Every structure is written in C-alpha cells, then in structure tokens.
Amino acid sequence: MSNPEQLRYSKEHEWLSDAEDGVATVGITEHAANALGDVVFVQLPEVGDTVTAGETCGELESTKSVSDLYSPASGEVTQINQDVVDDPALVNSAPFEGGWLFKVKVTEVPDDLLTADEYAAFASGS
Amino acid sequence: MTEPATRKTALDATHRALGATMTDFAGWDMPLRYGSEREEHLAVRSAAGLFDLSHMGEITITGPQAGELLDYALVGNLSKLAVGRARYTMICDEDGGILDDLIVYRLGQQDEQEYMVVANAANAQTVLDALVARQDGFGAEVRDDRDKYALIAVQGPAAAGILKKLTSYDVDGLRYYAGERDLVAGKPALIARTGYTGEDGFELFVSPQDAVEVWEALTRAGGDANLVPCGLSCRDTLRLEAGMPLYGHELSTSLTPFDAGLGRTVKFEKTTNEGRFVGRDALAAAAERAATAPPRKLVGLVAEGRRVPRAGFAVLAGGDTVGEVTSGAPSPTLGKPIAMAYVESAHAAPGTRLAVDIRGSQEPYEVVALPFYKRG
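The sections below set out a description of the structure shown in this document. (Residues numbered from 1 in each chain as written. Chains lettered and ligands numbered in written order. Predicted model: local features only at pLDDT ≥ 70, side-chain atom pairs only at ≥ 80, totals over all residues. Heavy atoms only, no water.)

## Some points on the environment of Ala 35 of chain A
What counts is decided by this rule: For helices the rule is a DSSP run of H or I covering at least 4 residues; for strands it is a run of E covering at least 2, with both sets numbered from the N terminus onward.
One can find Ala 35 of chain A in helix α1 (residues 30–36). Separated by 42 residues in sequence, Ala 35 of chain A and Val 77 of chain A place their C-alpha atoms 26 Å apart.

Structure (structure tokens):
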C-alpha cells in the first residue's frame, strides 16, 4: 500500500492534509483501515467542536472491535464527512479519499507528525 | 512456564499466499479474514465459503464399549447413535458445568464401535484428559488424533454442487448431521454434513498432507460458484446470526447446558451404565431449576442504533443491570448490530425493550427469539 506523499501522519494512524485557507482534512490510514477490518460505524466530532492533537475525538467500530479516533491536529471542526457516516465502508475502500472523516480549522499541528516514508516504516513495525 | 509456540495448520502457506490477515486463536495461527469479512460472510449466505478449521481437536474412541464410555463421559446418548450419523453434545464436570460442546461422529461398520469426538481447539486437551480419566473400567481406547487431521469446511447454498464435482460419493444422499468416509479429489476424507454457519455445508476431515491439494481442488471446483476463502471473523458472525453458542462466550464451566438453553442435549434416559453419567445429579437439579425458576435466559438482542455491543457489556432495564452480553457483532445479513446475552428471566420475553451500556451510553435494544437468521 502507498501512503500519499503530501499528507502527514500520526502514530495513532491518522492522516492530516496540508491546510487550505487554514482548514485541513483528517482521515485514517489504509494500514489502520486494513487492521480494523470492515468499519461499520463511525462516530465523529460535531461541527464547531474543538479537537486537540493526540486526544480522542470519536470512534470507529468494526466487526471485531472498536477503536478510538485521535485528532492529529488541534483546532475547530468545520465539516464532517456525512458520506462516511452513512456508509462507513468508505473508510475501507477509500481511506485517503472518499473515506476522509472531518475537516479542522487548524490552530496547532504537532511537530512530530510523520512523513509518508516515516509512517510506512513506523506502520510496518507496529 | 513458557508459552508453547503458535501452531500452524497444513494450509499455512496457502493462507499467506492468499494474503490472509492471521490471528492467534487458541494457540493456533489462523486466518482471520482474507479481504472483507463482510463479503466473506455474505458469500457463505449466497454462494459458498471455504474455511480452514484444522485447529479443531479430533479424539477417536474405539473398542467394544466405546459407546458405553461416551454415554458415561458425555451428556448425550451416543451408544444409540447410528453408524454414519453425528450428534451435537456436551461434556460436563461433576457439578454439571460445561467443559466443552462437541460433535460426535459414529464411524466404521455396523458391528464396530468407532467414534470421533470433535472438540474446540481451546478445550481439546481438557476434553482428552477428561475422556482418559473417565475410561477406567470400559473396554475402550481413547486416542488423540489432533495431528492426524486437517479440517476443511465448504459452507453455503452452493457447497453441495461444488463438492459433487470432486467425489463420486452420493453427496445429495448425505443427511444433515451425518458423515461417511470416501474420497474427495482422490484423497481419503471423512465427509460430514455439518457446520457452524447456519447454511448447508460440509466439513471434510483429511490428512494434513492432503490438505493443500483438497483445498486447491475445492477452490478450482468452486470458481464458477463464487466460492471464496473465509476466515474466523466471518465464521463468528455467521454462527452468531444462526444463534449458535461459542464456548467461552455463551458456554462455560460456570453454566450447565440447561442454563444455556441447551438442556435438550442432556439425555437422562440412558440404557447403559444403569443410567449413570458424569454430572447426572447436578444436571437433574439444573433441569429442575431451569423449568421452575431459571435465574437467567440466553436471548437475542437486536439494535435500534448502530453501535455494537461486545462480550461483557451490561444489559440494562430501567437503569438496572439485568444481564450481560456474551457475543455481539454487526450483522451483515440484518444490517444492524446483534448480540446474544444472558438476561434475567423477567426481561427475556421477545419484544422486551432493554438497553446495552456501550461505553457509558445506553443504547436501545430489543429482545428477539433466536436464531437471528434461518436459511430459507
């Protein structure tokens, strides 16, 4: 699997896009989606919520387990992906595209987010 | 004590070549899923799935008193089992607690006494030890045959058609819960019409050295019928929809078969050993309790929401805990979460509205009759 070069990655297996007009997109990686198995339910933060980098902001439920969703950056949620709420399988089929989770108006991005190559190395060892 | 190394089945390389996600299950490295477990599940419901179940534990009982030994050691009436037939039964301890649930096959010829007991992987040693401990005084031999068999299951409405391509055996004539020895893909096999999915299907006990060839022959024969390899993840959701118990979840040593709603497996009217069998007195008391004042009952729960209950979650009525979830999963067939749970009898009637505490939030659930799914 390939992790898009233009994204940044957290060790909790979320990705963060570059901000456009201060707003960045968040999702989970293909590696995480594969590890979860079929995602059947996503609980996302609500628009207007403040999320904090490294803290839980939702959950992803799959056949076998439930996993916390961690925000890779701090800021205010500006949009959630209603398509993925209605069809959580998008997380598995298109984790870096149609399966994105929410957008955040970023106030702080941790400086320890990983590059695509760093994340690939991290994920293969986890 | 060091943990023994994880055991691998004869099909291990095949699973890896298929890109399976593997998981440790009862000390075995087993396929959890190959791709989407939901698609594997739906394939078994609509076409067919191919499973490696070689972790299951086979124990052979032979000798002139093999049937009598099993009547004494298990709760069922196995001496009455006809050759070529199989029975779902249990082995209990003296206080009636369930040590394991089993399928017992009667093999061989009419004038012979040969049985194969199939135990859950996690309990196989316990079952073997109990059978050995209970064999004193019986003209019967208990043999550990766990390494002698690989077990491949083909399950689903297309299973019979696929199997027919690989054997001259009368597949259509084989009844549910029956099994006989013949050839599959030219290899000796015990062909059993049993399974754990709620669908028609077959379990094929073959030599480990033949497992890859039989698996590949089934894969080729099933290509046109959309046969897909299936992992343990979908096996769990298939059996849950079918309302079938899983040891360690719905069954345990702290429950009797009557507590689990499976009192029908206990046969008090045995003609051997003067009716004696291990656990008899405790089970008679348990039968009485279940008939008059059952503490809890095993029920099905269906969600109104989308959050999934898991084993151990509390079941609530009016804020009070009235039960506990034993298994829960998103049901691919129903499209919503389902669970099995033990709940207090007063709250066990179908239609009762209850809640499951899912990480602090009370999610609405309704009691339904089991199974959730029955094949048409």
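## A word on the packing of aromatic side chains
As a reminder of what qualifies: Pairing of aromatic rings covers Phe, Tyr and the six-membered ring of Trp, with a centre-to-centre limit of 6.5 Å; geometry is then stacked below 30 degrees between planes, edge-to-face above 60, and tilted otherwise. With a 1.4 Å probe rolled over the protein chains alone, any residue whose accessible area is under 20% of its type maximum counts as buried; one over 50% counts as exposed, and the rest are partly exposed.
Applying the stated criterion across every chain, the model contains ten aromatic pairs over all chains. Residues Tyr 9 of chain A and Tyr 119 of chain A carry aromatic rings whose centres are separated by 5.0 Å and whose planes lie at 15° to one another, so their mutual orientation is stacked. Residue Tyr 9 of chain A is found in strand β1 (residues 8–9), and its partner Tyr 119 of chain A is found in helix α4 (residues 116–124); the two are separated by 110 residues along the sequence. We classify Tyr 9 of chain A as buried; its relative accessible area is 0%. Judged by centre distance (5.0 Å) and plane angle (80°), the rings of Tyr 176 of chain B and Tyr 177 of chain B are edge-to-face. In this structure Tyr 176 of chain B comes out as partly exposed when scored by relative accessible area, which is 40%.

## Quick notes on the interface of chain A and chain B
The condition is simple: Contacts: residue pairs with any heavy atoms within 4.5 Å of one another. Buried area is calculated as the accessible area (1.4 Å probe) missing from two parts once they are joined, with the contributions of both summed. In the sections that follow, a salt bridge refers to a side-chain nitrogen of Lys or Arg positioned within 4 Å of a carboxyl oxygen of Asp or Glu. N or O atoms within 3.5 Å of each other form a polar contact, as long as, within protein, one can give a hydrogen and the other can take it, and as long as residues adjacent in sequence are counted only when both atoms are side-chain atoms. By the convention adopted, Pro, Cys, Tyr, Trp, Phe, Met, Ile, Leu, Val and Ala count as nonpolar, Lys, Arg, Asp and Glu as charged, and the other residues, Gly among them, as polar.
Across the boundary between the two partners, chain A contributes 18 residues, which contact 16 residues of chain B. Between chain A and chain B lies a buried interface of about 1300 Å² when both sides are counted; carbon and sulfur atoms form 42% of it. Looking at the side of chain A facing chain B, the largest losses of area belong to Asp 38, Thr 63 and Lys 64 of chain A, adding up to 42% of the total buried there. Where chain A meets chain B, there are five salt bridges. Notably, a salt bridge pairs Arg 359 of chain B with Glu 61 of chain A, separated by 3.5 Å at the nearest N-O pair. Where chain A touches chain B, the interface holds 14 residue pairs in polar contact (both at pLDDT 80 or more). Only α1, β4 (39–43), β6 (56–62) and α2 (82–86) of chain A provide two or more residues apiece to the side of chain A that touches chain B. Across the side of chain A that touches chain B, the residue classes break down as seven nonpolar, six polar and five charged.

## Concerning the nonpolar core
The condition that has to hold: The term nonpolar core refers to a set of buried residues drawn from Ala, Val, Leu, Ile, Met, Phe, Trp, Tyr and Cys, joined through side-chain atoms within 4.5 Å.
Among the nonpolar cores identified, the biggest contains 32 residues, and Ile 152, Val 184, Ile 191, Phe 202, Leu 204, Val 206 and Leu 218 of chain B are the most heavily contacted of them. Per-element tally for this core: the top contributor is helix α6 (residues 211–221) of chain B, with six residues.

## A few points about the packing of helix α2 (residues 37–46) of chain B against helix α7 (residues 232–241) of chain B
Residues and elements named next belong to chain B. Counted only if it meets this: Geometry is summarised by axes, namely lines fitted to C-alpha atoms with helices restricted to the contacting stretch, and by angles between N-to-C directions that run from 0 to 180 degrees. When an angle is under 35 degrees it counts as roughly parallel; over 145 it counts as roughly antiparallel; between 65 and 115 it counts as roughly perpendicular; any other value is oblique. By the definition used in this description, the sense in which the near helix is turned from the far one sets the handedness, with an anticlockwise turn below a right angle giving left-handed and a clockwise turn giving right-handed.
For the pair α2 and α7, the least separation of the axes is 8 Å and the interaxial angle reads 50°. When the interaxial angle is binned, α2 and α7 end up oblique. In this structure, the crossing between α2 and α7 has a hand that is right-handed. Facing Glu 37, Glu 40, His 41, Val 44 and Arg 45 of α2, the residues of α7 in contact are Ser 233, Cys 234, Thr 237, Leu 238 and Glu 241. Of the residues in the contact of α2 with α7, the class split is three nonpolar, three polar and four charged.

## Quick look at the pairing of strand β12 (residues 187–192) of chain B
Residue and element names in this part refer to chain B. Which entries qualify depends on this criterion: Should DSSP find at least two bridges between two strands, the strands are regarded as paired.
Taken across its six residues, β12 has five buried, putting it largely inside the fold. Summarising the sheet, strand β11 (residues 179–184) and β12 pair through six bridges and their orientation is antiparallel. What sits directly across from Glu 180, in β12, is Ile 191. In textbook terms, the turn of a hairpin is the stretch between consecutive antiparallel strands, and for β11 and β12 this stretch comprises two residues, one of which, Ala 185, has a positive phi near 55°. Relative to strand β13 (residues 201–206), β12 runs antiparallel, the two being bridged by four bridges. Residue Ala 189 lies in a different strand from β13, and its bridge partner there is Val 206.

## Details of unusual backbone geometry
A negative phi angle characterises most non-glycine residues, just as the trans form characterises most peptide bonds. Residue and element names in this part refer to chain B. Across the junction of Leu 370 and Pro 371, the peptide omega takes the value 0°, indicating a cis bond. Inspection of the secondary structure assignment puts Pro 371 in the segment after β20 (361–368). With phi around 55°, Ala 185 is a residue other than glycine that occupies positive phi space. We classify Ala 185 as partly exposed; its relative accessible area is 26%. Positive phi is not limited to glycine here, since Asn 226 has a value of about 60°. Judged by relative accessible area, which is 54%, Asn 226 ranks as exposed.

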